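An overview of the molecular structure
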Amino acid sequence: EFLTPLLLNMTVYSTLTSSERSLGDSTVSVRGKIEVKGQEPITLERRFSMQGAGISAAGSVAGPVQALLSSGFEGVELGPITLDIAAADSRRVATLDRIALDRNEVRSGQTVEVQAYVRTESGKQFVQRIPVQIPADVPPGQLVLFVGDGGSLQQASATQSFVPKDLGQLVGAINKLKKNDRLY
């Protein structure tokens, strides 16, 4: 149990570096599943675009396994881990330039459209339109809307202090983690 996450991390990283270069900019996408006996599978879908992307990709597989095995819950049995990994020798990143809303006032139950203006490294700009449903039970008054990538919003969320009561809650929380390559 102690060495499993470390060995998994090393195996995934070694597999990546045996077929792709390990230095310089790259983009690595990881998709897959971690089977957990008696639970829904953990779904993996992560993308890293930076120097050393392979290290982060390997960690994205080993991290959930480490969380499961060090959780202290009884009967944690891992099944097969299936991965589909794709790599490219270039960075695929974009920067959020600005945010605009289609209106300044909204009532509970209505939808507001967030327009996210994104610029790629090559200078190309595009707009991602994100409809946001305002919950019906929101009281009148000022409403704050946070926009960011999955990693940034995950760090600012209340789930940072979440303590699961059982293995099912832990698996569910891992599956609900925001993806690092999306705007939310």
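Quick summary incoming for the structure in this document.

Cut-offs used in this document
Residues numbered from 1 in each chain as written. Predicted model: local features only at pLDDT ≥ 70, side-chain atom pairs only at ≥ 80, totals over all residues. Heavy atoms only, no water. Helix = DSSP H or I, 4+ residues; strand = E, 2+ residues; numbered from the N terminus. Buried < 20%, exposed > 50% of the residue type's maximum accessible area, 1.4 Å probe, protein only. Contact = heavy atoms within 4.5 Å. Areas by Shrake-Rupley, 256 points an atom, 1.4 Å probe, with all protein chains shown as cover. Lys, Arg positive; Asp, Glu negative; His and termini not counted. Charge placed at Lys NZ, Arg CZ, Asp CG, Glu CD. Core = buried A, V, L, I, M, F, W, Y, C linked by side-chain atoms within 4.5 Å. Pairing = 2+ DSSP bridges. Axes fitted to C-alpha atoms, helices over the stretch in contact; angles between N-to-C directions. Parallel < 35°, antiparallel > 145°, perpendicular 65-115°, else oblique. Left-handed = near helix turned anticlockwise from the far one by under 90°. Patch = residues over 30% accessible without salt bridge, like charges linked within 9 Å, V, L, I, M, F, W, Y side chains within 5 Å. Salt bridge = Lys/Arg side-chain N within 4 Å of Asp/Glu carboxyl O.

1. A look at the overall build of the protein chain
Assigned secondary structure in the protein chain consists of 4 helices and 6 strands. By its C-alpha atoms, the protein chain is 55 × 45 × 20 Å across when sized along the principal axes. Of all 184 residues assigned to the protein chain, the portion counted as buried reaches 28%. Residue pairs in contact within the protein chain that sit at least 24 positions apart in sequence constitute 61% of those at least 6 positions apart. A total of about 11,700 Å² of accessible surface is found on the protein chain, and carbon and sulfur atoms cover 52% of it. Once the 19 positive and 19 negative side-chain charges of the protein chain are each reduced to a mean point, those two points are 6 Å apart.

2. Notes on the nonpolar core
Judged by nonpolar contacts, the single largest core of 22 residues is most densely connected at Ile42, Leu68 and Leu167. Listed by contribution, the elements that provide at least two residues to this core are helix H1 (4-19), strand E1 (25-36), strand E2 (42-51), helix H2 (53-69) and helix H4 (167-175). For this core, the element with the most residues is H2, which contributes 7 residues. Those residues in contact with Leu68 that sit more than four places away from it in its chain are Val36, Ile42, Val76, Leu78, Leu167, Leu170, Val171 and Ile174. Within the second largest apolar cluster, 7 residues are counted, among which are Val112, Val118, Val132 and Ile134.

3. So, the sheet that holds strand E4 (residues 94-101)
One open sheet holds the 3 strands; their spatial order is E4-E5-E6, and the pairing between them is antiparallel. Every interior strand has two partners, whereas the edge strands, E4 and strand E6 (125-133), have only one. Neighbour to neighbour, the strand axes of the sheet diverge by 25° on average, direction disregarded. Of the pairings in the sheet, the one linking strand E5 (residues 111-120) to E6 comprises 9 bridges and is antiparallel in character. Considered in E6, the bridge of Glu113 is made with Pro131.

4. Thoughts on the packing of H1 against H2
Close contact between H1 and H2 brings their axes to 8 Å; oriented N to C, the two are set at 160°. By the angle between their axes, H1 is roughly antiparallel relative to H2. In this structure, H1 meets H2 at a crossing whose hand is right-handed. In this structure, H1 contributes Thr4, Pro5, Leu8, Asn9, Val12, Tyr13 and Leu16 to the contact, and H2 contributes Gly54, Ile55, Ala57, Ala58, Gly59, Val61, Ala62, Val65, Gln66 and Leu69.

5. So, the environment of Gly38
With respect to the helices and strands, the residue Gly38 is situated in the loop between E1 and E2. The exposure class of Gly38 is exposed, given its relative accessible area of 74%. Expressed as a C-alpha distance, the spacing of Gly38 and Leu16, which sit 22 residues apart in the sequence, is 31 Å.

6. Topic: the sheet that holds strand E3 (residues 78-88)
Within the open sheet, the 3 strands sit side by side as E2-E1-E3. Their pairing is antiparallel. The open sheet terminates on both sides in strands that have one partner only, identified here as E2 and E3. Here the average twist between neighbouring strands, direction ignored, is 15°. Alignment of E1 against E2, held across 10 bridges, turns out to be antiparallel. Note on E2: the bridge partner recorded for Val28 is Phe48.

7. Some details on a nonpolar patch on the surface
On the surface, Phe2, Leu3, Leu6, Leu7 and Met10 cluster together into a nonpolar patch covering about 560 Å² of accessible area. Position of Leu3 relative to the elements: it lies in the segment before H1. Its relative accessible area of 45% is what places Leu3 among the partly exposed residues.

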